[in-house]
Each structure stands twice: as C-alpha cells, then as structure tokens.
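# Remarks on the overall topology
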Amino acid sequence: MLVLPRAACASRKIAIWHEYLGMSADEIVLHILTLTLSDAPAALVYYFDHIEEIREEIRHEQEFVDDFQRMYPPLLHTELDNCSAGPRSD
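As a starting point, this report considers the structure included with it. (Residues numbered from 1 in each chain as written. Predicted model: local features only at pLDDT ≥ 70, side-chain atom pairs only at ≥ 80, totals over all residues. Heavy atoms only, no water.)

It is worth spelling out the overall build of the protein chain at this point. For the protein chain, the helix and strand inventory stands at five helices and zero strands. Counting from the amino terminus, the protein chain carries its helices and strands in the arrangement α-α-α-α-α. A buried classification covers 23% of the 90 residues belonging to the protein chain. A separation of at least 24 residues holds for 54% of the contacts in the protein chain among residues at least 6 apart in sequence. Approximately 7000 Å² of the protein chain is accessible, and the part contributed by carbon and sulfur atoms is 61%. (Helix = DSSP H or I, 4+ residues; strand = E, 2+ residues; numbered from the N terminus. Buried < 20%, exposed > 50% of the residue type's maximum accessible area, 1.4 Å probe, protein only. Contact = heavy atoms within 4.5 Å. Areas by Shrake-Rupley, 256 points an atom, 1.4 Å probe, with all protein chains shown as cover.)

Here it is in structure tokens:
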C-alpha cells in the first residue's frame, strides 16, 4: 500500500479533480482557497511522476467502498426492498 506524504495527499486530490472531473488548474484553484496557481501544476507533476501507485491506491479505495456498500446497504434501500416484498405474514 502506498503511503503518501502530507503534501502528496493534496496532490492526489488535485490530480483526481483534474483527471476524473476534467478540471483545469485554474478551476481547481478556484475551489481550493488555500491553493495558489503555482501549487496546482506542481501537484500534477507529482501525480504524473507517481501515476501508477496513485491509481492503484484509488482503485483499492473504490473496491473497499463498493464492498462496504454491498455489505451495508443504505437503510432506505433496505426499507424499500421490504415494502416491495409485500406485507409480512408475522
């Protein structure tokens, strides 16, 4: 498992916004008030230098979320499933 330094965590967030949401460095800076315009490109450089490790970690985290959601569906979904099954015969 890749352990990212503190600065790299911000880089990863910026990279995700860039790659998966299609946001430019200018757009990202507008959303993260503590970020300067020179920080975003530097973060993207870090991302592209470590792209495979970061993508693997993102995939791992998404698998965890998917597994968790399968094991613990939202209560609303459970209640709706129970309602659609018809009345209970208690």
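Another point: helix 3 (residues 39–49). A40, A43, L44 and Y47 are the residues of helix 3 that are buried. For helix 3, the angular spread of buried residues about the axis comes to 100 degrees, placing them on one side. (Arc of directions from axis to C-beta.)

As enumerated under the stated definition, the model contains three salt bridges in all. With its nearest N and O atoms 3.0 Å apart, the salt bridge here joins R59 to E56. You can see R59 and its partner E56 sitting in helix 4 (residues 51–71), three residues apart, about one turn around the helix. On the basis of relative accessible area, R59 is assigned to the partly exposed category, the value being 40%. Overall, the relative accessible area of 44% leaves E56 in the partly exposed class. (Salt bridge = Lys/Arg side-chain N within 4 Å of Asp/Glu carboxyl O.)

What follows covers the packing of aromatic side chains. Per the stated rule, a full pass over the model turns up three aromatic pairs. Ring centres of Y47 and F48 lie 5.0 Å apart, and the angle between their planes is 65 degrees; this geometry places the pair in the edge-to-face category. Of the residues examined, F48 reaches a relative accessible area of 43% and is grouped as partly exposed. Following the ring pairs from residue to residue traces out a cluster consisting of F64, F68 and Y72. (Phe/Tyr/Trp six-rings, centres within 6.5 Å; stacked < 30°, edge-to-face > 60°.)

This part takes up the nonpolar core. Core analysis: the largest hydrophobic core is formed by 16 residues, its most contacted members being I14, W17, I28, I32, L35, A40 and Y47. Counting residues per element, the ones that place at least two in this core are helix 1 (6–21), helix 2 (25–31), helix 3 and helix 4. With four residues, the single largest contributor to this core is helix 3. Filtering out sequence-adjacent residues up to four positions away, A40 remains in contact with I14, A25, V29 and L35. (Core = buried A, V, L, I, M, F, W, Y, C linked by side-chain atoms within 4.5 Å.)

A separate point is the environment of Y47. Looking at the element boundaries, Y47 is found in helix 3. When residues no more than four places from it in sequence are discounted, the contact partners of Y47 are A15, E19, I54 and R55.

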